[in-house]
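Here is what each chain is made of, one letter per residue.
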Amino acid sequence: MSRTLKPGDTIGILGGGQLARMIALAAAPLGLKAHIFAPEDGSPAFQVADAVTQAAYDDFAALEAFAGAVDVVTYEFENVPVETAAFLASHVPVHPGARALGITQDRLEEKTFVSRLGIETAPFAEVNDEAQLEAALAEIGRPAVLKTRRFGYDGKGQVIIRAGDDAAAAFAAIGRHAAILEGFVPFEREVSVVAARTEDGRFAAFEVTENEHRHHILHRSTVPADVSPAVVAVSAEIARRIGEALGYVGVFAVEMFLVVVEGTQGVIVNEIAPRVHNSGHWTLDGCETSQFEQHVRAIAGWPLGATDRRGRVEMTNLIGDEADTWLAVLEEPGAHLHLYGKAEARPGRKMGHVTRIFAED
């Protein structure tokens, strides 16, 4: 099921957080409306939407009514139930599709998918019980990272197992859930590529982004990344191959580790995010087309926009009470403030971000 949208049509967005908010804001100048479907009270995207449905993701009566009110459906986070996406797809185009959602929701399926494409990942093994964990540790070695297969982000649902650590205690720490053990990658830096693909196979990638995390949460992204031209080329090609193999429609991100072997840089894929991504927020002010507009263009069946960068760019997340610095940010030349409309600042909660644009050296 496909459809080319026209101005005046409506994009349905599953999820009401800041990513949905920024997709809706990007759609408006293009003449498109946004209808948000989310269960939470006071979702940030509700503030900027043309219509809102507040209901559970398994409320199929509400989903059917939602499908009848929109022209295409997308989502802002990857933990939307696959059954929800599949149900909606029987009524209205859904981008990206349920298959891409299902693969990227499960870390083991995702790593297996990427590996089968011949793209390098960290060594990994399936873990369903303590015996499997011990066998995986014997094969992969320590240190290693034990992660739940599903529902983890910003460092949640994972634990590092080092030499001397109790494997059983680590398994208990993640709730004894189905898991994946990943070998430790001696990386130099973390980088990512945000890219877009249309239903007819058109593809465009933004520049490689260098990412700094603090307490497992993205703190700062900078572009251009300090990487070789070969890494720039291979990173975009990795994203293209992943998007093509998934039959992906929309914007997605590929998170990677930058490694150096005998003086030569290379990349190892860490994760795929089937949505617009925090490390692509720099494009909102620093690029000819933002990742949010690019996503709207892709799911609408429209031409993709230019990805040219507007100088050197730095994006810094505002976490918790860091958002209280908003007035100082507004006084800073070249700084662009984006607050997400969240009512309460909590430790570790993304409240907004600042983009700074600098002249090229």
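Here is a short report on the structure shown in this document. The structure displayed is predicted, hence computed values, not measured ones.

**Section: the sheet that holds strand 7 (residues 158-161)**
Piece 1. Read from one edge of the open sheet, 4 strands run 5-8-6-7, paired in antiparallel fashion. Each edge of the open sheet is held by one strand with a lone partner, namely strand 5 (124-127) and strand 7. Neighbour to neighbour, the strand axes of the sheet diverge by 25° on average, direction disregarded.
Piece 2. Here strand 5 runs beside strand 8 (residues 179-183); their pairing, made up of 4 bridges, is antiparallel. The residue of strand 8 that forms the bridge with V127 is A179.

**A look at the pattern of salt bridges**
Piece 1. Using the criterion set out here, one finds 23 salt bridges in the structure.
Piece 2. Taking the shortest distance from any N to any O, the salt bridge between E271 and R107 comes out at 3.4 Å. With E271 in strand 14 (residues 264-273) and R107 in helix 5 (residues 107-116), this pair connects stretches of sequence that are 164 residues apart. An identical accessibility class is assigned to E271 and R107; each is buried.
Piece 3. Across the pair D200 and R202 runs a salt bridge, and its minimum N-O distance is 2.9 Å.
Piece 4. D200 gets classed as exposed once you look at its relative accessible area, which sits at 56%.
Piece 5. Through salt bridges with shared partners, a single ionic network connects E212, R214, R220 and E314.

Criteria and thresholds
- Residues numbered from 1 in each chain as written.
- Predicted model: local features only at pLDDT ≥ 70, side-chain atom pairs only at ≥ 80, totals over all residues.
- Heavy atoms only, no water.
- Pairing = 2+ DSSP bridges.
- Helix = DSSP H or I, 4+ residues; strand = E, 2+ residues; numbered from the N terminus.
- Axes fitted to C-alpha atoms, helices over the stretch in contact; angles between N-to-C directions.
- Salt bridge = Lys/Arg side-chain N within 4 Å of Asp/Glu carboxyl O.
- Buried < 20%, exposed > 50% of the residue type's maximum accessible area, 1.4 Å probe, protein only.

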